[in-house]
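Chain by chain, the residues:
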Amino acid sequence: MYNHTYKELITKLQVSQEDVDFFANMPFARPYIDNTSLYQPVPFVSRHDKGDLSDKFFNKAINSHDTIPRALAFMQRPGSLHSPPTDENGIDLSQGAENPFFITFCQIESGVNGYIDTAHGGVLAALFDETLGLCAESYRVFVSEEGGHLLTASLQVSYRSPVRTPSAVIIKTWMRRKEGRKWFLEAQLLDQDGLLKAEAKSLYIGLKSAL
Ligand SMILES: CCCCCCCCCCCC(=O)SCCNC(=O)CCNC(=O)[C@H](O)C(C)(C)COP(=O)(O)OP(=O)(O)OC[C@H]1O[C@@H](n2cnc3c(N)ncnc32)[C@H](O)[C@@H]1OP(=O)(O)O
């Protein structure tokens, strides 16, 4: 699967200052980059080359000047919300589109087009799968502190409006609920003006044993 754990990677890898500076110039991203923000930048681990054959789609195929040249991820700072309401599995029920646990900004260029000046829906689905997966992994490692690996069992995407290229988008992801090995998450993708472009629901399943 991977030669490293998610915790090792997110601790060791660096957030690109160039990516921070790039999005800091955009009004819709600036509140999250502000030092007083409830969010902290974290490495988008799948964008990094780990010297093996993992994550090639995200760190190579769609990591170029004409595909997705910039991506910047944020996680809620631990303890940023005191005693949030939780369900019987300890899942923070205050999470949602207004309070997402994990956020990603992406600059999307014409190299991912389907129709003219429009991002291909499959690329958006891949972005949802990856960012929802990172949200689940981050929640697993930093909040619920469980071991194991999560795999996508299902992903349902609703496309609400075309995503134009080039453009910058925000993908908000959050935990909805957890039932044993089943992790249910949700996401929204919005443009710089806050218009909803696509939504997703996903199910990740914790493996019984490592691959
Ligand atoms: C280090 C850096 C990392 C950081 C990187 C993190 C980001 C990664 C994001 C990308 C991840 C991917 O794309 S992964 C690649 C795409 N996905 C895959 O290749 C997965 C292929 N599928 C599988 O391997 C398998 O089906 C699994 C592991 C998902 C589930 O198999 P299993 O473990 O045997 O589980 P199983 O007993 O069948 O089912 C357990 C429970 O889940 C339910 N269930 C199973 N599948 C489904 C389903 N599709 N839709 C609804 N429900 C389902 C069952 O009904 C059951 O419910 P109940 O009876 O218990 O109620």
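In the nomenclature of an unreviewed UniProt entry, the protein corresponds to Acyl-coenzyme A thioesterase THEM4 from the organism Penicillium nalgiovense. The Sequence similarities (unreviewed entry) field of the UniProt record for the protein holds the comment "Belongs to the THEM4/THEM5 thioesterase family."

Asker: Account for the site of the ligand, with residues named and values stated.
Answerer: The environment of the ligand is formed by 19 residues, the closest being D129, T152, A153, R181 and K182. Residue T152 places a main-chain N or O atom 3.0 Å away from a nitrogen atom belonging to the ligand. Take R181: an N or O atom from its side chain is 2.9 Å from an oxygen atom of the ligand. In isolation the ligand has 1,300 Å² of accessible area, and contact with the protein removes 54% of it. Those elements giving two or more residues to the shell around the ligand turn out to be α1 (6-12), α5 (121-142), β4 (150-159) and β7 (196-206). It is α5 that contributes the most residues to the shell around the ligand, five residues altogether. In terms of residue class, the shell around the ligand is built from nine nonpolar, four polar and six charged.

Asker: Residues and numbers for the state of the cysteines, please.
Answerer: Tallying each qualifying case throughout the model produces zero disulfides. Between C106, a cysteine without a disulfide, and C135, which holds the nearest cysteine sulfur, the sulfur-to-sulfur distance is 14 Å.

Asker: Can you lay out the packing of aromatic side chains for me, pointing to particular residues and giving the numbers?
Answerer: Between two aromatic rings, the relevant description is the distance of the centres plus the angle of the planes. Scanning the model with the defined rule gives nine aromatic pairs in all. Between F44 and F58 the ring centres are 6.1 Å apart and the planes differ by 25°, which places this aromatic pair in the stacked class. With F44 in the loop between β1 (39-42) and α4 (56-61) and F58 in helix α4, this residue pair connects regions lying 14 residues apart in the sequence. Measuring from centroid to centroid gives 5.2 Å for F101 and Y139, while their planes differ by 75°, and the two rings are edge-to-face. Of this pair, F101 sits in the loop between β2 (70-76) and β3 (102-108) while Y139 sits in helix α5, and the two are 38 residues apart along the sequence. Classification of F101 as buried rests on a relative accessible area of 5%. Feature note: the residues F22, F23, F28, Y32, Y39, F74 and F105 constitute an aromatic cluster, connected by ring pairs. In this structure, R177 packs its charged tip against the face of F184, placed 3.9 Å from the ring centre.

Asker: Give a description of the pattern of salt bridges that names residues and reports values.
Answerer: Inspection of every chain in the model, using the stated rule, returns nine salt bridges. Across the salt bridge formed by E18 and R70, the nearest N and O atoms sit 3.5 Å from each other. In this pair, E18 is assigned in helix α2 (residues 17-24) and R70 in strand β2, connecting sequence segments 52 residues apart. A residue is classified by how much of its surface remains accessible, and E18, at 55% relative accessible area, is exposed. Taking the relative accessible area as the measure of exposure, R70 reaches 22% and is therefore partly exposed. Its salt-bridge partner being E186, residue R176 comes within 3.4 Å of it at the nearest N-O pair. Taken as a pair, R176 in strand β5 (residues 167-179) and E186 in strand β6 (residues 182-191) lie far apart in primary sequence, ten residues in all.

Asker: Break down α5 for me, citing the residues and quoting the values.
Answerer: End to end, α5 covers 31 Å across 22 residues, agreeing with the expected 32 Å (1.5 Å per residue, within 8%). Of all 22 residues in α5, 18 are buried; the element is thus mostly enclosed.

Asker: How would you sum up unusual backbone geometry? Please name residues and give values.
Answerer: Here the residue pair T165 and P166 is connected by a cis peptide bond, since its omega of -5° sits within 30 degrees of zero. Within the fold, P166 resides in the loop between β4 and β5. One non-glycine residue with positive phi stands out, namely D55, at about 60°. Looking at the element boundaries, D55 is found in the loop between β1 and α4. Residue E145 is not a glycine yet carries a positive backbone phi of 50°.

The rules behind these values
- Residues numbered from 1 in each chain as written.
- Predicted model: local features only at pLDDT ≥ 70, side-chain atom pairs only at ≥ 80, totals over all residues.
- Heavy atoms only, no water.
- UniProt positions renumbered as here; feature names shortened; annotations may be inferred.
- Near = heavy atom within 4 Å.
- Polar contact = N/O pair within 3.5 Å; in protein donor to acceptor, adjacent residues only side chain to side chain.
- Areas by Shrake-Rupley, 256 points an atom, 1.4 Å probe, with all protein chains shown as cover.
- Helix = DSSP H or I, 4+ residues; strand = E, 2+ residues; numbered from the N terminus.
- Nonpolar A, V, L, I, M, F, W, Y, C, P; charged D, E, K, R; others polar.
- Disulfide = S-S within 2.5 Å.
- Phe/Tyr/Trp six-rings, centres within 6.5 Å; stacked < 30°, edge-to-face > 60°.
- Buried < 20%, exposed > 50% of the residue type's maximum accessible area, 1.4 Å probe, protein only.
- Lys NZ or Arg CZ within 6 Å of the ring centre and 35° of its normal.
- Salt bridge = Lys/Arg side-chain N within 4 Å of Asp/Glu carboxyl O.
- Expected span 1.5 Å × (residues − 1).

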